[in-house]
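Breakdown of the fold
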Amino acid sequence: MRQYLVLFITLLFFASQILAQAPKKETSAEIYHSIQKLNFLGKALYVAAHPDDENTRLISYLSNKVKANTAYLSLTRGDGGQNLIGPELRELLGVLRTQELLAARRVDGGQQFFSRANDFGYSKHPDETLKLWNKEEILGDVVQIIRAFKPDVIINRFDHRSPGSTHGHHTSSAMLSYEAFDLVNDPKAYPEQLTSTAVWQPKRLFFNTSWWFYGSRENFEKADKSAMMSMDVGVFYPTLGVSNNEIASWASSQHLCQGFGRITSRGSENEYIELLKGDLPKNKTNIFDGINTTWSRIEGGEAIGQLLTKVEADFDFKNPSKHLPQLLEAHKLINSLSDVHWKDIKLEEIENIIQGVAGLYLEASAETAITNPGNSTKVKIDVLNRSASMIRLKSVGLTEVDASLDQNIILENNKKHNFELDLNVPETTEFTSPYWLNEKGTLGIYKVANKSLIGKPETPRAFHANFVLNFDGYEITFQKPVVYKYARNDKGELYQPFEVLPEATARFDDKVVIFADGKPKQIAITVKAHKDNVKGDVQFSYSKGWTVDEETKPFEIAKKNDEQILLFTLTPPTNEDESYISPIIKIDDKQITKELVTIAYDHVPTQSVLLPAQAKVVRLNIQRLGEHIGYIMGAGDDVPTSLKQIGYNVVAVDPSTIQAGSLDKFDAVVVGIRGYNVVKELQFKQRFILDYVKDGGNLIVQYNTAGRWDKQFSNIAPYDLKLSRDRVTDENSGVKIVAKDHALMNFPNPITEKDFDGWVQERGLYFPSEWDDAFTPILSMKDQGESATEGSLLVAPYGQGNYIYTGLSFFRELPAGVSGAYKLFANMLSIGKENVKKTPAVKG
């Protein structure tokens, strides 16, 4: 038994990756664990700013050791970060990181909440953060989430008392939580929320402190800990066969797009929390000390507690179904509680336990992964009782539609029953897509029209199946989401969400199209069918000054998931201009203006994201020299695609193939963002790369983070270069050209300070703070209230070539179609070629 449990839990991490949507099949140990949690009526809320900010050790400890109902409120979805595993950035990265957080909570047993705050990128001070977030709006979200969740204790990840010392989002999350602690019990604060929730007063507010906040372990040892509590979060769970910090490591490792995959840890490990508000517990190892967390905290709960305490004490691991009568009796009592809040929570918990002890398998799987409003599909119903208990299936039906079967059949032990229901999707059914992306928000806050969705991690599923089961005269309705189940030869059985999508969507493959002269370009619009036999027209929408050969073209696609490409010829205006184009699909009397983006990774459920279908078109007068560019990909960016837009032939360079002379065929070589951080092989190839420069090549190295490479490797540049955490986060901050006569500012494109207008998210990050005299700093910039830094763009001759290091955020600016960024990058690629004939970028 013990060996099986250890194996099962060890595989938990991997199972969460490939079975994220599969029905949960609990072992006896897990059922017992759930019963223990059922008997604990206390809540804890952990608050921070981003996905991966959460302390999974503490969340897992509170959920699995203390048995508290524990949740993490991440104010943002991490939209402003980087992505180490794929191309998703901005709002698409936010969708991916949302799912990684949900995957982490499936491992550590917590719940997940979000506010509407948008991660707009690094912020140096909470003043900036709260201004862009619209403080009162996000504070209201925090208040609403606390009122709905009703935590007894709240724990802040960051210190609200240290503005300006860390990421502004971090400090802001703590400041908002600190202020909300008192507001949630004030009926005058956000009174409109009280129609759907009620005032609430948490008992305690803590700050999850550590030696890191004190600067060193020595300082922390000396610190006054009279207001602190400590907990050993390295405890071992005998029934599960793992340590708490192992579970925490698996949970944290779900943040793969941020490079958080890690080795598990074991052994005693203390976490400290400092009291900020409320009373300090007498027992400084029990965060709930003095708070009633038994069934007696609610009216009518004592009898339930007596029943369930006996079930817990006498639990039969070999035959858990023997406890079904007591669990059913407890369900009746819970169902009669007047406290609706705890009633709903505990009904869901005990119904999951009842399913577990009875070995009930209840599933509703659609025959297709997607459907459309007005369309129909079959839903397969699977029902199986794997116990000797007398259970009768009364009926099964689908929510939101008139589709049900009255069966009234006895579910004999281990005899499966399969049925089919017709799901006729109403025309009014909303499309499946992240609810916070349905309308255009601002830089700092997402727009959510339906306020009841605020806090929810994802859009609720459109359709569920209700299974009405009779247990010896007592009926319980179990609800399951309709899913899509299929198999792949290389992976076996797989699950993914069942989606509702438009009949067709359209996209531009290039989200930015650069016109380097007045010549027209063919623009491809790809129409994808999401049903069989779809036909209609596509209208090409464009702005004044631009012209198109045909404004409307027909399409007809016979098979679902097939695509048809329509080619339009677009001619730019004479002068420089930036505009947007979009396709409008017309099918009968419907117009569709959406693009479907599918996010698919093994460790999270497949996501369907509907975004406005559009592309930016830029008429740009740009000159360039050289043709062939080698690109060494780092953590992942779309710069190569952008360079192809202005006529360069970009070749991906496999680091393993770099040898003496292998790079000589390129006019310039570019290293992608964080290349030296994530591509370990580069440290062994660096001598060949620098020899390429010495022999006359141009090398452009984009930003890296300091020290995140082998300690023995330090020569990312041919001269001394010390990276720092310096950055300029305000994309509108002033830029001063300090080397006005340098070729980078003049050839082949004149660069002025106006070329830094219209940048997005930031100027740049991780600028060098010290460099050898061989380097020439080109630019000076700063955020408000800070000293100027000149490390954003450095160039040095080396041998016959040139080495350029830049922390400027070209990986954001080029895909966003920022004209000045294109001109500056073309100059960087052209350096040293002043005597070579200029080449206009005319291909397209």
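Residues numbered from 1 in each chain as written. Predicted model: local features only at pLDDT ≥ 70, side-chain atom pairs only at ≥ 80, totals over all residues. Heavy atoms only, no water.

1. Remarks on unusual backbone geometry
To be explicit about the condition: By definition, any uninterrupted DSSP run of H or I lasting at least four residues is a helix, any uninterrupted run of E lasting at least two residues is a strand, and each is numbered from the N terminus. Exposure categories follow from relative accessible area, calculated using a 1.4 Å probe and restricted to protein chains: below 20% of the type maximum is buried, above 50% is exposed, and the middle band is partly exposed.
Omega for the peptide link from Phe747 to Pro748 comes to -5°, which places this bond in the cis form. Assignment of secondary structure puts Pro748 in the loop between β39 (735-737) and β40 (764-771). Unlike most non-glycine residues, Asn414 shows phi in positive territory, near 65°. Mapped onto the elements of the fold, Asn414 is located in the loop between β14 (403-410) and β15 (417-424). On the basis of relative accessible area, Asn414 is assigned to the exposed category, the value being 55%.

2. Description of the pattern of salt bridges
Using the following cut-off: Just to be clear on terms, a salt bridge is a Lys or Arg side-chain nitrogen sitting within 4 Å of an Asp or Glu carboxyl oxygen.
In the structure shown here, the tally under the stated rule is 37 salt bridges. Among the ionic pairs, Glu550 bridges to Lys553, the shortest N-O distance being 3.7 Å. On the basis of relative accessible area, Glu550 is assigned to the partly exposed category, the value being 40%. When salt bridges with common partners are traced through the structure, they connect Glu54, Arg105 and Asp108 into a single cluster.

3. What about the packing of helix α3 (residues 28-38) against helix α11 (residues 302-313)?
Rule in force here: The angle between two axes is taken between their N-to-C directions and runs from 0 to 180 degrees, where each axis is a line fitted to C-alpha atoms and a helix contributes only its stretch in contact. Angles are sorted into four bins: roughly parallel if under 35 degrees, roughly antiparallel if over 145, roughly perpendicular if 65 to 115, and oblique for all others. Left-handed is the label given to a crossing in which the near helix is rotated counterclockwise from the far helix by less than a right angle, and right-handed is the label when the rotation is clockwise. Working rule for contacts: check all heavy atoms of both residues, and any pair within 4.5 Å makes them a contact. Just so you know the grouping, Ala, Val, Leu, Ile, Met, Phe, Trp, Tyr, Cys and Pro go in nonpolar, Asp, Glu, Lys and Arg go in charged, and all remaining residues, Gly too, go in polar.
Direction vectors running N to C along α3 and α11 enclose 150°, while the axes themselves pass 10 Å from each other. By the angle between their axes, α3 is roughly antiparallel relative to α11. Every pair of crossing elements has a handedness; the one defined by α3 and α11 is left-handed. Counting all contacts with α3, which are made through Tyr32, Ile35, Gln36 and Leu38, the residues of α11 involved are Leu308, Val311 and Glu312. Its residues placed into classes, the contact of α3 with α11 shows 5 nonpolar, 1 polar and 1 charged.

4. Re the packing of aromatic side chains
For clarity, the threshold we go by: Note on aromatic contacts: the rings of Phe and Tyr and the six-membered ring of Trp form a pair at centre separations within 6.5 Å, being stacked when their planes are under 30 degrees apart, edge-to-face when over 60 apart, and tilted otherwise.
For the structure on display, the rule yields 25 aromatic pairs. Both rings, one in Trp212 and one in Phe213, keep their centres 5.2 Å apart while their planes meet at 85°; by these two values the pair is edge-to-face. Residue Trp212 is classed as exposed on the basis of its relative accessible area of 55%. With relative accessibility at 29%, the residue Phe213 sits in the partly exposed group. Between the aromatic rings of Phe810 and Phe825, the centroid separation amounts to 4.9 Å while the plane-to-plane angle is 80°, which identifies the pairing as edge-to-face. Placement of the pair is Phe810 in helix α17 (residues 810-813) and Phe825 in helix α18 (residues 819-830), with a sequence separation of 15 residues. Of the two residues, Phe810 and Phe825, both sit in the buried class.

5. Points about the environment of Thr368
Applied cut-off: As used in this structure description, the phrase polar contact means that two N or O atoms lie within 3.5 Å; if the pair is within protein, one of them must be able to donate a hydrogen and the other to accept it, and residues adjacent in sequence are counted only when both atoms belong to side chains.
Within the secondary structure, Thr368 sits in the loop between β10 (360-366) and β11 (370-371). Since its relative accessible area comes to 21%, Thr368 is described here as partly exposed. Taking C-alpha positions, Thr368 is 21 Å from His417, a pair spaced 49 residues apart along the chain. Aside from chain neighbours lying at most four places away, what touches Thr368 is Thr377, Tyr484, Phe498 and Lys560. In terms of polar contacts, Thr368 uses its side chain to reach the backbone carbonyl oxygen of Ile370, at 2.9 Å.

6. Concerning the sheet that holds strand β17 (residues 474-481)
Put simply, the rule is: Criterion used throughout: strands pair if DSSP finds at least two bridges between them.
Read from one edge to the other, the open sheet built from 4 strands follows the order β14-β13-β16-β17, with strand pairing classed as antiparallel. Single-partner strands in this sheet number two, and they are β14 and β17. Here the strands of the sheet are splayed against their neighbours by 15° on average, with no regard to which way each runs. Strand direction decides the pairing type here: strand β16 (residues 464-471) and β17, joined by 8 bridges, are antiparallel. Across the sheet, the residue bridging to Asn466 is Gln479, located in β17.

7. Some words on the sheet that holds β15
Spatial strand order, β15-β12-β10-β18-β19: 5 strands in an open sheet with mixed pairing. The two strands at the open ends of the sheet, each matched to only one other strand, are β15 and β19 (492-497). Each strand axis lies, on average, 40° off the axis of its neighbour in the sheet, ignoring direction.

8. Comments concerning the nonpolar core
The following threshold applies: For this analysis, a nonpolar core means a set of buried residues of the types Ala, Val, Leu, Ile, Met, Phe, Trp, Tyr and Cys, connected via side-chain atoms within 4.5 Å.
Ranked by internal contacts, the top residues of the largest apolar core, which has 77 residues, are Leu779, Leu793, Tyr803 and Phe825. Considering each element in turn, this core owes the most residues, 7 residues, to α18. Apart from residues lying up to four places away in sequence, Phe825 is in contact with Val639, Leu643, Val670, Ile700, Phe810 and Leu814. With 54 residues, the next largest nonpolar core counts Phe315, Leu324, Trp342 and Leu423 among its residues.

9. A closer look at the environment of Phe666
Position of Phe666 among the secondary structure elements: in the loop between β35 (649-652) and β36 (668-671). Its relative accessible area of 8% is what places Phe666 among the buried residues. With 21 residues separating them in the primary sequence, Phe666 and Gln645 have C-alpha atoms 18 Å apart. Discounting residues that sit within four places of it in the chain, Phe666 has contacts with His628, Ile629, Gly630, Val651, Val653 and Tyr692.

10. Digging into the environment of Lys225
Here Lys225 lies in the loop between α9 (217-222) and β6 (228-232). Taking the C-alpha atoms as reference, Lys225 lies 9.2 Å from Tyr272; in sequence the two are 47 residues apart. Every residue in contact with Lys225, bar those within four places of it in the chain, is listed here: Phe220, Tyr272 and Lys284.

11. What to know about the confidence of the model for the protein chain
Low pLDDT means the predicted atomic positions in that stretch should not be read closely. This is how it is decided: Confidence of the predictor at the level of single residues is captured by pLDDT, which takes values from 0 to 100.
Looking at the protein chain as a whole, its pLDDT mean stands at 93, while 96% of the residues score no less than 70. Within the model, the stretch residues 1-19 combines pLDDT values under 50 with 35 contacts to residues more than four positions away or in other chains.

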